[in-house]
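Overview (structure and organization)
Read off the chains here:
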Amino acid sequence: MKKKIIGVILATAMVATLFTGCSGKSEEAAAPATDAAQEEAAPEAEDAAPAEAEDAADATADAAGGDLASKKVGVCIYQFSDNFMTLFRTELENYLIAQGFSKDNITIVDGQNDQATQTGQIDNFINDKVDVLIVNPVNSSSAETITDKVVEAGIPLVYINREPSADEEKRWEDNGWNVTYVGCDARQSGTMQGEMIVDLGLEAVDLNGDGKIQYIMVEGDPENVDAQYRTEFSVKALTDAGFEVECLSDQVGNWQQAEAQQIVANALGQYTTDVEVVFCNNDAMALGALQAIEAAGRTVGTDIYLVGVDALSEALENVIAGTMTGTVFNDHFSQSHSAADAAIRFINGESNDYYIGCDYVKATKDNAQEILDMVK
Ligand code: GAL
């Protein structure tokens, strides 16, 4: 079993006004609130010796009457080709097996980024009478429909990664349903991205010396609060630190490397040396941005800065090499383990909180190797 970061549980839900895009257009959205967004969680590496992990798995299996092996788990992932969700689902499957589930009884399906496909997969799992469902929705806004049919079928439900609205979560609580959400607060990751730029100092980042930070923003799927909040809070960290900012380009790269490469190539072609910072809502897009930056003959850390989120191995290697300024560890160990633990509690007839959180961790040159050693 791999080492893991110890997550801290964050709670409370609120409605917030989000500002996305260079135009500063606003929209209403719902997400969890935390006052810990400014604080960096210390990466606490914990050695999980295999023997201890096995003991823990035995204990959990015993608590379930030793019959987890006979329980069926349905897992819906919004899209298998997503790098981060690949790490997440691999760890989730390994951890479920370590807890006593049988590999044959864990079915993980690819929603192919299509809600109709995923809804059909959920119907199949209901017909198959799975004991618990773990769902990474294609569209968070479909959660109400999904919840209704899964609750109606008497199956406990654990949402992961893409958070349903605060109203939807309140419905679970008001009705006492066996439904929960496991994920991190994306505001924290956005804030950390901005802080890593602030920490370099205005003089270093303001490469053209005009007193302002000119940036490009590359966003993930705009339906997703992770994209909305990372976009807003990365910039907010700069303005909170007293930096003046100017958005040169803000476009949707849908979490995809190739789309981001194209967006950043175009923006660098148009704004050339005015671009001082490239913010990407995730690392896959930051890796695409890096390809465009290098193709344009620019050098990260010298004449441009680049930050992402997730702490993919390749991104961490770039942070260590100085070809990325920083990333933010999106703790797929903590999230997948919490999701599995919540599923087990439901199977055992116990309840869960309606929101189960975890902390992000900044990854800079100082600690990137340590995080790489944990995730590899
Ligand atoms: C985010 C992650 C992205 C992408 C997205 C999918 O948390 O940072 O890389 O996987 O989830 O919803």
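Here, the structure is the one placed above.
Sequence order as written defines residue numbering, which begins from 1 separately in each chain. Given that this is a predicted model, residues contribute local features only at a pLDDT of at least 70 and side-chain atom pairs are listed and counted only at 80 or more, while totals for whole chains, interfaces and linings are drawn from all residues. To obtain the side-chain values, all non-hydrogen atoms of the structure were included, while hydrogens and water were left out.

Notes on the packing of helix 6 (residues 186-198) against helix 8 (residues 225-240)
- To obtain each axis, a line is fitted to C-alpha atoms, and for helices this fit is confined to the stretch in contact; angles are then taken between N-to-C directions over 0 to 180 degrees. Going along the chain from the N terminus, every DSSP run of H or I of four or more residues is numbered as a helix, and every run of E of two or more is numbered as a strand. Helix 8 packs onto helix 6 with a crossing angle of 35 degrees between their chain directions and a minimal axis gap of 7 Å. Crossing handedness for the pair helix 6 and helix 8: right-handed. Judged by residue contacts, A186, R187, S189, G190, T191, Q193, G194, E195, I197 and V198 of helix 6 engage V225, D226, Y229, R230, F233, S234, A237 and L238 from helix 8.
- Each residue gets one label: Ala, Val, Leu, Ile, Met, Phe, Trp, Tyr, Cys and Pro are nonpolar, Asp, Glu, Lys and Arg are charged, and the others, such as Gly, are polar. Of the residues assigned to the contact of helix 6 with helix 8, the class counts are eight nonpolar, six polar and four charged. If you view the pair so one helix is near and one far, a crossing is left-handed when the near helix is turned anticlockwise from the far one by less than a right angle, and right-handed when it is turned clockwise. Any two residues whose heavy atoms approach within 4.5 Å at even a single point are treated as in contact.

Comments concerning the nonpolar core
- To form a nonpolar core, buried Ala, Val, Leu, Ile, Met, Phe, Trp, Tyr and Cys residues must be joined to one another through side-chain atoms within 4.5 Å. Residue exposure (1.4 Å probe, protein chains only): buried if accessible area is under 20% of the type maximum, exposed if over 50%, otherwise partly exposed. Among the nonpolar cores identified, the biggest contains 65 residues, and V158, I160, V278, L306 and I371 are the most heavily contacted of them.
- If you count residues domain by domain, this core takes at least three from each of domain 1 (2-184 + 331-361) and domain 2 (187-329).
- Not counting the four nearest positions on each side in its chain, V158 is found in contact with L133, I134, V135, T180, V182, A339, A342, A343 and F346.
- Among the nonpolar cores identified, the runner-up in size contains 25 residues, and I213, M217, Y305 and V328 belong to it. Domain segmentation is taken from an automatic or database assignment of domains.

So, the site of the ligand
- Whether a residue is near a molecule or strand depends on its heavy atoms: it is near if one of them lies within 4 Å of it. Around the ligand, a shell composed of Y78, D82, F84, N161, R162, N224, D226, R230, W255, N282, D310 and N330 is seen.
- D82 is positioned such that a nitrogen or oxygen atom in its side chain is 2.8 Å from an oxygen atom of the ligand.
- The term polar contact refers here to a pair of N or O atoms within 3.5 Å; inside protein, the definition further demands a hydrogen-donor-capable atom paired with an acceptor-capable atom, and it admits residues adjacent in sequence only when both atoms are side-chain atoms. Within the side chain of D310, one N or O atom sits 2.6 Å away from an oxygen atom of the ligand.
- Relative to its free-state accessible area of 310 Å², the ligand is covered by the protein chains to the extent of 99%.
- The residue makeup of the shell around the ligand, split by class, is three nonpolar, four polar and five charged.
- Taken together, domain 1 (2-184 + 331-361) and domain 2 (187-329) each give at least three residues to the shell around the ligand, which thus spans both. Exposure was quantified through the Shrake-Rupley algorithm and a 1.4 Å probe, taking into account, for residues, occlusion by the shown protein chains and nothing else.

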